[in-house]
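Close look at the chain arrangement
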There are 2 protein chains.
Amino acid sequence: MPSSQKLTRSELKHSAILEAARLEFAEHGFQNTSMDGVSARAGVSKRTLYNHFSSKEELFDKITECLWKQDDSIVYCPKRPLKQQLRQLAEKKLELMASPGYVGLARSVMGEYMRSQEMAQAAMARFEENEDGVSIWFQAAMQDKRLREGDPKMIAHQFYGLLKTFALWPQLLAHQPAPTNEERDVIIEQSVDMILAYYQQ
Amino acid sequence: MPSSQKLTRSELKHSAILEAARLEFAEHGFQNTSMDGVSARAGVSKRTLYNHFSSKEELFDKITECLWKQDDSIVYCPKRPLKQQLRQLAEKKLELMASPGYVGLARSVMGEYMRSQEMAQAAMARFEENEDGVSIWFQAAMQDKRLREGDPKMIAHQFYGLLKTFALWPQLLAHQPAPTNEERDVIIEQSVDMILAYYQQ
DNA sequence: GAAAAAGTAAACTGATGGGTGTAGTTTACT
DNA sequence: AGTAAACTACACCCATCAGTTTACTTTTTC
């Protein structure tokens, strides 16, 4: 019999808890998730849960850490058409937003953090750090004289704003399904074209 | 002595409760607001509170009703420049979003309704009904051949999306202050110009 | 001025839920 | 086989909070 089982029981329990918590938080949000519920779903006693994570907050933090680790950087290429590069970026972004589990978790983080001014500011700052990569791209295109002058950060914000208007806020706030592939293409096309119509020279 | 006091004690209590609840909900959200807190802030006994409003939900509904009653309709005028008309509309919209108490309440409604799929959908549907007025305007401008063909609803969504990207979501989600007058003008100018750059013919 | 309507304070109910303590059982390792 | 670490079941503590009850006072109204 092959030793396909390298994980100790404790490690199995640990990841079972994480997985169960991820689902529970995504379904019910932070406040409406109970530790009893998590432990039941994980098939673990409540005491074990607390042996692995000392509080509900700590568990929540561990779960949501991955949400902040996205990479939206893109290298500006002087040879390729702007439209192509922007479209590629948008595709990457929408793919993430549509990935399973992302929306539910993002929603429960929002719902929880929105209440506290500090936490909300910190969370959104981290969330929007990802726009830095794009604003660098816009700046490069600007210096290459392919876009007219403007504030790169604002342009990035406008670009992402258009995308989120159709592919994030409705899903987050109104539980709309992720856009279909056809819808996705239209959203990307329109957003890219609109930005370029305004800024390309 | 003038009879400036036409309100009965009961009416005074009633409005004191409404005002206190408005503030409490805006500050702490639905779940984190307690009926004890509301009655204390209103200077009213808890029993009196319950004599006026039979449950926390009912109170919340009464408070948030006004949030949905905005009117974004605008009459298309063939003679005036499109830019001028759109700018006027945007100003009206941003004025509402910046009005005191609006953001806090909107935030607590979001935070509460987001948890339930049905309520979230219903709430957002009502919230976005206001875009109907604008899409009718876009359609009229289209029929007047001053805009090129397109889906009026989508254009309205894009237009409002740009405005909200700078003047609603950051305030709602990240507790950012409302834009200053200067910022407001830039936001409006850019959003209007971008829409027209893409759709005007 | 008396009855009816409305308000008050404070204790209480019932349910929920985070977190702990304990006594006994299972698993892993030597 | 024996020990330590990890897990389980479950009772328990404690705080919060929606909503109620009671016994009593104030205001309104006729």
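Counting starts from 1 at the beginning of each chain's written sequence and moves along it residue by residue. All chains are assigned letters beginning at A, and all ligands numbers beginning at 1, according to the order in which they are written. Local features are withheld for residues below a pLDDT of 70 in this predicted model, meaning they are given only at 70 or higher, and side-chain atom pairs are given and counted only at 80 or more; totals for whole chains, interfaces and linings count all residues. With hydrogens and water excluded, all non-hydrogen atoms of the structure serve as input to the side-chain values.

**Thoughts on the overall build of chain A**
Across its full length, chain A carries 11 helices and zero strands. Numbering of helices and strands starts at the N terminus; helices are DSSP runs of H or I of at least 4 residues and strands are runs of E of at least 2. Counted from the first residue to the last, chain A has its helices and strands arranged as α-α-α-α-α-α-α-α-α-α-α. Computed over C-alpha atoms, the radius of gyration of chain A comes to 21 Å, more than 25% over the 17 Å expected from 2.2 N^0.38 for 201 residues, which places it beyond the range of a compact globule. In terms of overall dimensions, chain A has C-alpha extents of about 65 × 50 × 30 Å along its principal axes. Going through the 201 residues of chain A one by one, you find that 48% of them count as buried. Whether two residues are in contact is decided by their heavy atoms, any of which lying within 4.5 Å being enough. Residue pairs in contact within chain A that sit at least 24 positions apart in sequence constitute 69% of those at least 6 positions apart. Atoms counted for the radius of gyration: C-alpha only. Globule rule: 2.2 Å times residue count to the power 0.38. Partly exposed describes any residue whose relative accessible area lies between the buried limit of under 20% and the exposed limit of over 50%, with all areas from a 1.4 Å probe on protein chains only and scaled to the type maximum.

**Section: the nonpolar core**
Take the buried residues of types Ala, Val, Leu, Ile, Met, Phe, Trp, Tyr and Cys, join any two whose side-chain atoms come within 4.5 Å, and each joined set is a nonpolar core. Counting 126 residues, the largest nonpolar core has Leu59, Phe138 and Phe159 of chain A together with Leu59, Phe138 and Phe159 of chain B as the members making the most contacts within it. Setting aside residues no more than four positions away along its own chain, Phe159 of chain B makes contact with Leu86, Leu89, Ala90, Val134, Phe138, Ser191, Val192 and Ile195 of chain B.

**Brief notes about the protein's contact with DNA strand C**
Here, proximity means that at least one heavy atom of the residue falls within 4 Å of the molecule or strand. Contacts to DNA strand C come from 18 residues, most closely from Met35, Lys46 and Arg47 of chain A together with Ser45 and Thr48 of chain B. In DNA strand C, atoms within 4 Å of the protein come 64% from sugar and phosphate. Here a polar contact is taken to be a pair of N or O atoms separated by no more than 3.5 Å, where protein atoms must pair a possible hydrogen donor with a possible acceptor and residues adjacent in sequence count only if both atoms sit in side chains. The separation between a base nitrogen of DNA strand C and a polar side-chain atom of Lys46 of chain A is 2.8 Å. One of the side-chain nitrogen or oxygen atoms of Lys13 of chain B is found 2.9 Å away from a phosphate oxygen of DNA strand C.

**Thoughts on the protein's contact with DNA strand D**
Lining the immediate surroundings of DNA strand D are 18 residues, of which Thr48 of chain A together with Met35, Lys46, Arg47 and Lys56 of chain B lie closest. Between Ser45 of chain A and DNA strand D, the recorded distance is 2.9 Å, taken from a backbone N or O atom to a phosphate oxygen. Between a phosphate oxygen of DNA strand D and a side-chain N or O atom of Lys56 of chain B, the distance comes to 2.8 Å. Elements that contribute at least two residues to the surface near DNA strand D include exactly helix H1 (9-28) and helix H3 (46-52) of chain A together with helix H3 (46-52) of chain B.

**Re the environment of Ala125 of chain A**
Within the secondary structure layout, Ala125 of chain A lies in helix H7 (residues 117-129). Exposure remark for Ala125 of chain A: the relative accessible area of 44% places this residue in the partly exposed category.

**What about the pattern of salt bridges?**
Just to be clear on terms, a salt bridge is a Lys or Arg side-chain nitrogen sitting within 4 Å of an Asp or Glu carboxyl oxygen. Under the criterion given, the structure shown has 26 salt bridges over all chains. As a salt-bridge pair, Glu112 of chain A and Arg115 of chain A come within 3.1 Å of each other at their nearest N and O atoms. By relative accessible area, Glu112 of chain A is classed as buried at 17%. Taking the relative accessible area as the measure of exposure, Arg115 of chain A reaches 23% and is therefore partly exposed. With a closest N to O distance of 3.4 Å, Lys46 of chain B and Asp36 of chain B form a salt bridge. Highlighted residues: Lys46 of chain B in helix H3 and Asp36 of chain B in helix H2 (residues 35-42), separated in sequence by 10 residues. Residue classification places Asp36 of chain B among the partly exposed positions, given a relative accessible area of 44%. Counted as one network, the salt bridges with shared partners bring together Lys83, Arg87, Glu189 and Asp193 of chain A.

**Section: the UniProt feature "domain: HTH tetR-type" (unreviewed entry) in chain A**
UniProt positions are given in the numbering used here, feature names are shortened, and annotations may be inferred rather than shown by experiment. When the UniProt feature table is mapped onto this chain numbering, "domain: HTH tetR-type" (unreviewed entry) sits at residues 11-71 of chain A. Helix makes up 69% of residues 11-71 of chain A and strand 0%. Its end C-alpha atoms lie 29 Å apart.

**Re the relation of the copies chain A and chain B**
Turning one copy of the chain about an axis and sliding it along that axis gives the other copy, so a rotation and a shift relate them. Only residues with pLDDT of at least 70 in both copies contribute their C-alpha atoms to the least-squares superposition of the copies. Superposition of chain A onto chain B requires a rotation of 180° combined with a translation of 0.0 Å along the rotation axis, giving an RMSD of 0.2 Å. Taken together, the rotation and translation describe the operation of a two-fold axis. Looking at the rotation axis and the C-alpha trace of chain A, the residue lying nearest is Gly111 of chain A, at 2.6 Å.

**Concerning unusual backbone geometry**
All names here are of chain A. Positive phi outside glycine occurs at Lys145, with the angle close to 65°. The topology assignment puts Lys145 in the loop between helix H8 (131-143) and helix H9 (152-167). The exposure class assigned to Lys145 is exposed, which follows from its relative accessible area of 59%.

**Let's talk about the interface of chain A and chain B**
Counting residues at the interface gives 33 residues for chain A, matched by 33 residues for chain B. Interface area, chain A with chain B, both sides summed: about 3,400 Å², of which 68% is carbon and sulfur. Our count for the chain A to chain B interface comes out at eight residue pairs in polar contact (both at pLDDT 80 or more). Elements represented by at least two residues in the side of chain A that touches chain B include exactly helix H6 (102-113), H7, H9, helix H10 (169-174) and helix H11 (181-199) of chain A. Residue contributions to the side of chain A that touches chain B peak at eight residues, all from H11 of chain A. Classes in brief: Ala, Val, Leu, Ile, Met, Phe, Trp, Tyr, Cys and Pro nonpolar; Asp, Glu, Lys and Arg charged; the others, Gly included, polar. Across the side of chain A that touches chain B, the residue classes break down as 17 nonpolar, 13 polar and three charged. Accessible surface is computed with a 1.4 Å probe, and the buried area is the amount of it that two parts give up when combined, taken over both parts together.

**Considerations on the confidence of the model for chain A**
Per-residue confidence for chain A gives a mean pLDDT of 92, with 97% of residues at or over 70. Predicted confidence is poor over residues 1-5 of chain A, with pLDDT under 50, and the contacts of this stretch with residues over four places away or in other chains come to one contact. Residue-level confidence of the predictor is summarised by pLDDT, bounded by 0 at the bottom and 100 at the top.

**Examining helix H9 (residues 152-167) of chain B**
Residue and element names in this part refer to chain B. Given a helix with a known number of residues, its expected span is that number minus one, times 1.5 Å. Helix length check: H9 (16 residues) gives 22 Å between terminal C-alpha atoms against 22 Å at 1.5 Å per residue, within 8%. The buried fraction of H9 is high, at 15 of 16 residues. One side-chain oxygen of the residue at the start of H9 lies 3.0 Å from the amide nitrogen of Lys153, identifying that residue as Asp151.

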